[in-house]
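Each chain, letter by letter, is given below.
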There are 4 protein chains.
Amino acid sequence: MKFAVLGAGRIGRVHAGAIGSVTGAELVAVADAMPAAAEDLAQLHGAEVRTIDQIAAADDVDAVVICTPTDMHADLIEQFVRAGKAVFCEKPIDLDLGRVRDCLAVVEETGGMLMVGFNRRYDPDFAALHAAVADGRVGTVEMVTITSRDPGAPPLDYIARSGGIFRDMTIHDFDIARWMLGEEVETVIASASVLTDPAIGEAGDFDSLNVILRTASGKQATITNSRRATYGYDQRIEVHGSEGMANARNMHEANIEIADAKGYHRPPLENFFMTRYTAAYAHEIATFVGCVRDGKAPPTGGYDGMMALALADAAVKSVAEGRAVQMAEILA
Amino acid sequence: MKFAVLGAGRIGRVHAGAIGSVTGAELVAVADAMPAAAEDLAQLHGAEVRTIDQIAAADDVDAVVICTPTDMHADLIEQFVRAGKAVFCEKPIDLDLGRVRDCLAVVEETGGMLMVGFNRRYDPDFAALHAAVADGRVGTVEMVTITSRDPGAPPLDYIARSGGIFRDMTIHDFDIARWMLGEEVETVIASASVLTDPAIGEAGDFDSLNVILRTASGKQATITNSRRATYGYDQRIEVHGSEGMANARNMHEANIEIADAKGYHRPPLENFFMTRYTAAYAHEIATFVGCVRDGKAPPTGGYDGMMALALADAAVKSVAEGRAVQMAEILA
Amino acid sequence: MKFAVLGAGRIGRVHAGAIGSVTGAELVAVADAMPAAAEDLAQLHGAEVRTIDQIAAADDVDAVVICTPTDMHADLIEQFVRAGKAVFCEKPIDLDLGRVRDCLAVVEETGGMLMVGFNRRYDPDFAALHAAVADGRVGTVEMVTITSRDPGAPPLDYIARSGGIFRDMTIHDFDIARWMLGEEVETVIASASVLTDPAIGEAGDFDSLNVILRTASGKQATITNSRRATYGYDQRIEVHGSEGMANARNMHEANIEIADAKGYHRPPLENFFMTRYTAAYAHEIATFVGCVRDGKAPPTGGYDGMMALALADAAVKSVAEGRAVQMAEILA
Amino acid sequence: MKFAVLGAGRIGRVHAGAIGSVTGAELVAVADAMPAAAEDLAQLHGAEVRTIDQIAAADDVDAVVICTPTDMHADLIEQFVRAGKAVFCEKPIDLDLGRVRDCLAVVEETGGMLMVGFNRRYDPDFAALHAAVADGRVGTVEMVTITSRDPGAPPLDYIARSGGIFRDMTIHDFDIARWMLGEEVETVIASASVLTDPAIGEAGDFDSLNVILRTASGKQATITNSRRATYGYDQRIEVHGSEGMANARNMHEANIEIADAKGYHRPPLENFFMTRYTAAYAHEIATFVGCVRDGKAPPTGGYDGMMALALADAAVKSVAEGRAVQMAEILA
């Protein structure tokens, strides 16, 4: 199978490398608005630089990986499913829920395949956690606790166009919550503050938040987010059920411990999403390649992308109005 | 110093034993509506059985420890501060906030001393955690996460007269949240479900809940409670600040680990509040004795008892109305 | 039952306190060469000061706890078993194996009861470990690893009369090894160095050592000792068997963890044997009281005391001669 | 730089893959006595099948990776250093110390470069541990504890030609001990048993052993080995120094934990050396490539290979003679 990568930035380079390491997959084309970036990435993998339209029209491209800026995602998804290519797109599909719905309608019409890049589901530890839960190791799932703290905030100009912390950062946790709960959320309650940097507040965003999600049967999930964690990239999931509890632990820079007169010390956590989720990105692309090869629906599809965004919209509304928001209000 | 214990039930026996082991403190009297219980406990410690009124009138009693049913707490506090005795009272002061306020007014008028039994503040690990936070080890406190899961629900008849899970169980976590945040809560958001036993719901209560507390400066605390934890008594606190994070961990039945072909195994947690908090109860009473001896204000006084109950009232209202409740509404 | 404590020093005071907290046990007499020490301890527990001979002759004393200097142990054991008292004696019975054997012969002749104070067997975590092993959780025991590191060396004058590190410190580990192996040791190999303080070497002793013990069936145990551990009192046991492994972990000053930009930090270990083994000392005396009451043989008797000393003698010989020493050489 | 792999078996395939993933390195040739194996590996990486002599004579090969059976190692090393190729050779150089010395003499004469495959030094956690020790985090190194337990014994026919457990398995631990001690060993004491399978004893080997190593300054290291560990591949290192202790921990199959009524459970350890040391093998080959490129001496050279074998010889002698063996006896 032959792949093209659209967007030769940081995450495009990660995915291009991952394609190269999957048996049976080959990167044949790279597109980027900046020719030098495209050229550099293409050369590294023995691929060609092409325009987006050339890739859409190409007979030798089976699938594309969209790593462009967010505002191009929906248009590109539509163009490539219409061109009969399988599509992997980084989250989010779009920051506007209406636009996402229109895009998914096109995917459905064309019968195309769309996988959305919720990388965390492909992390080996989180996957092992989900497998244990699916195997009934904790009985019936009742409550989920998700902790997600970034080592630091992104640049302010990124924040300004990010759609806000709920759509940019919490969106991953909303997806994890849906995955672990195994039941759709009915009600969203959220609380958000600016605690780490007043400039984030001046940009109209928050940096610290808590969310409570509730399903129709009363299951609950909580999400805690912060744009600051001095000790690294804090990524934890805890699932409680009728028979017990399961959790996934953080990844430290090294698995060593030092003891001295001040106590016992372990290194901080991996503090960059690319090193923390190296294995997740590789498994994610390998999963995409497998789905393309076997004609199977991807584990994280367009509907998942839409629902995570809808949960973000509900959380924004809950903060603004100081009340529990029904998902029916958002999805109506 | 000479002490009397009012109420010779389970917790009264614990406190009586603790008094005996503090140098300079002596248990001289025990009162209980059931003569056999009073007699048994008095004999064990070489104390006398007396009536409540005899103890109030006694010259040889400096302080009392109130371990009676909740509905007697406020009346007894008033009687004994008026009688000039130092008073330790198990939480809650009363289930009705108005009654608590009236009671505290009497304490204030008399200049009496009242310590409220929030035992968790006296747990050595939680105390070490608070000391680390107070020492600035995590910088300025920003977010607190409290997990509290009981091994099992109390009997349904207890639940019926408990005032509900927020006033009975979460009240401890509200107190811990205030202690760790170091700033009063302004807004309360809560979500509660019945997930472990429908009979609890039929009794008008919940068994699973999440709460978000927010202060005026935007600090947030979350509380997760469940009336079920198959793996023991789950009691965790995590405090995040500008410079880092501090947490207190659970106490296992034994500090051993066994590895076999199925993996690595540790024993479950201590699953009874008395074994989990053995050291806490001893330190609590030692603190009370010290405060009586030195004429110092106790670390957990009447105001703390009132504020934890007010937070519970706010949480109940938040669940009922599906909205963020301002503490000003409750305390007005 | 009524008890006397011989020796009102540090460990005598611990045992006296423990006797007081066991239901049915009472401390009636204290003896010490220093009258002030005896008086102080006796007063604390409402006991009398008596001479050793008075205690031996007393009708109201069922059992004695010997906490005197080591060189009095064997004589006192003989005197008191002859006087018909049950005897608890701190380790070692004597530093000379011949003297120990003579003493045990007297115990046997008189049919007296002797318990030797190997406190570690009564530690709740080590006891839980042994119970797991005895329950077959690791299958047939094959290899045992014992780590024992003191926070610091004792004073040099103590070292000079201690009989050397193998008889003073490692003796505890020899006892643990026998207990966990469940089979007598046949061969001893040891290696000892002076690494922490040259003065220890000048005093004729070592501060750092490793021992390998082997049974007839080929089971092996290793012991690592050091007189220095900056991070506290390091006390670990690991047992390997045909089906798995079990270990007991160290006890930290508090069960908390702090994370900051430098990593994750836990407090050092309990660094004093009395705080580390508080529960062990209490269980030890409670076990002694129970054995006296029920007329049962103690878990750690005279034979255990002799065998641990014999292993120490073998280790000393192994270091001196640079070879594996057969226990038959020592016990012949 | 261009590489050839000699031996297309399991480890040859791992190293071939590693070469392909290092920038600037290319696999051009594969040799194997079994043509199909050579062909298969060559094809996978776009390399050619050649004979060993063709590779030695080839102008387009800078370096070779020797993964043949052990009895060919020394001859191939000599052939290829004489041919002017840089050489990476799997451990051991040879099972006979005299043959190793002759081989290293040839390496020295030719001025050739030889790296020996002690993969564990390239494990990220062990490397982080060594770096912490080298940075003085534990002060002056005093005592080292190495635990190495295989999930299971190799086939009996492998054992028969392996040179015995000390030369086959412990050799890795001898190398780690030298690396961590930072000072050559002077004395070796060992004890070995057959505990897991009598057939291993019948084959003249052992399956369970302990070793004590001592340096001239009195530093000590212990090694514990077993051919059985039901819970996975147990690989631990602990380094004690004047200021503290540092350890490297085991790698579990997944970093999750499950709690239920029976307790807390983690998955077993990675139980295959290739998955446990995946990262180590990659770093090892990358290090070799870097040394070839930069003309630098490798971190694990011929001398390290010889010394680890000499320590194994000393341990064998110590077991046979029941005494401490001086390295001077072996190296004389």
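All values reported here derive from a predicted model rather than from experimental measurement. (Residues numbered from 1 in each chain as written. Chains lettered and ligands numbered in written order. Predicted model: local features only at pLDDT ≥ 70, side-chain atom pairs only at ≥ 80, totals over all residues. Heavy atoms only, no water.)

Undergrad: When you look at unusual backbone geometry in this model, what are you seeing that I'm missing?
TA: Glycine aside, the phi torsion of most residues is negative, and most peptide linkages are trans. Look at the link from Lys91(A) to Pro92(A): it is a cis peptide, with omega at -10°. For Pro92(A), the position within the fold is in the loop between β5 (86-90) and α5 (97-110). (Helix = DSSP H or I, 4+ residues; strand = E, 2+ residues; numbered from the N terminus.)

Undergrad: Could you clarify how one ought to interpret the interface of chain B and chain A in this entry?
TA: Interface extent is often summarised as the accessible area lost during association of the parts. Counting from both sides, the interface comprises 40 residues of chain B and, opposite them, 40 residues of chain A. When the area that chain B buries against chain A is broken down by residue, the three leading residues are Met143(B), Leu195(B) and Asn210(B), summing to 18%. For the pair chain B and chain A, the number of links is four salt bridges. At the junction of chain B with chain A, the criterion picks out 24 residue pairs in polar contact (both at pLDDT 80 or more). With six residues, strand β9 (residues 208-215) of chain B is the largest single contributor of residues to the side of chain B that touches chain A. (Contact = heavy atoms within 4.5 Å. Buried area = accessible area lost by both parts, 1.4 Å probe. Salt bridge = Lys/Arg side-chain N within 4 Å of Asp/Glu carboxyl O. Polar contact = N/O pair within 3.5 Å; in protein donor to acceptor, adjacent residues only side chain to side chain.)

Undergrad: Just to check I follow, could you spell out the relation of the copies chain B and chain D for this structure?
TA: Both copies of the chain are related by a screw-like operation: a rotation about an axis and a shift along it. Rotating chain B by 180° and moving it 0.0 Å along the rotation axis overlays it on chain D with an RMSD of 0.0 Å. Taken together, the rotation and translation relating the two chain copies correspond to the operation of a two-fold axis. Of the C-alpha atoms belonging to chain B, the one lying closest to the rotation axis is found on His265(B), 2.3 Å away. Most of the interface of chain B is mirrored in chain D, where 100% of its interface residues are also at the interface. (Least-squares fit on C-alpha atoms with pLDDT ≥ 70 in both.)

Undergrad: When you look at the pattern of salt bridges in this model, what are you seeing that I'm missing?
TA: Note on pairing: side chains with opposite charge can pair once their charged atoms come close. Under the criterion given, the structure shown has 100 salt bridges over all chains. The shortest N-O distance in the salt bridge between Glu48(B) and Arg50(B) comes to 3.0 Å. The exposure class assigned to Glu48(B) is partly exposed, which follows from its relative accessible area of 46%. Arg120(B) is the partner of Asp173(B) in a salt bridge, and the nearest nitrogen-oxygen pair spans 3.0 Å. Placement of Asp173(B) in helix α9 (residues 170-181) and of Arg120(B) in the loop between β6 (114-117) and α6 (124-134) is noted, with a sequence separation of 53 residues between them. As far as the burial class goes, Asp173(B) and Arg120(B) line up, both buried. Via salt bridges that share partners, Arg121(A), Asp175(A), Arg178(A), Glu184(A) and Asp304(A) belong to a single interconnected network. (Buried < 20%, exposed > 50% of the residue type's maximum accessible area, 1.4 Å probe, protein only.)

Undergrad: I tried to follow helix α12 (residues 278-294) of chain B on my own but got confused; where do I start?
TA: An α-helical turn contains 3.6 residues, so any two residues separated by three or four positions project in the same direction. Residues and elements named next belong to chain B. The terminal C-alpha atoms of α12, which comprises 17 residues, lie 25 Å apart, in line with the 24 Å expected from a rise of 1.5 Å per residue. Among the residues of α12, those classed as buried are Ala280, Tyr281, Glu284, Ile285, Phe288, Val289, Gly290, Cys291 and Val292. Gly295 occupies a position one or two residues after α12 and carries a positive phi of about 65°. (Expected span 1.5 Å × (residues − 1).)

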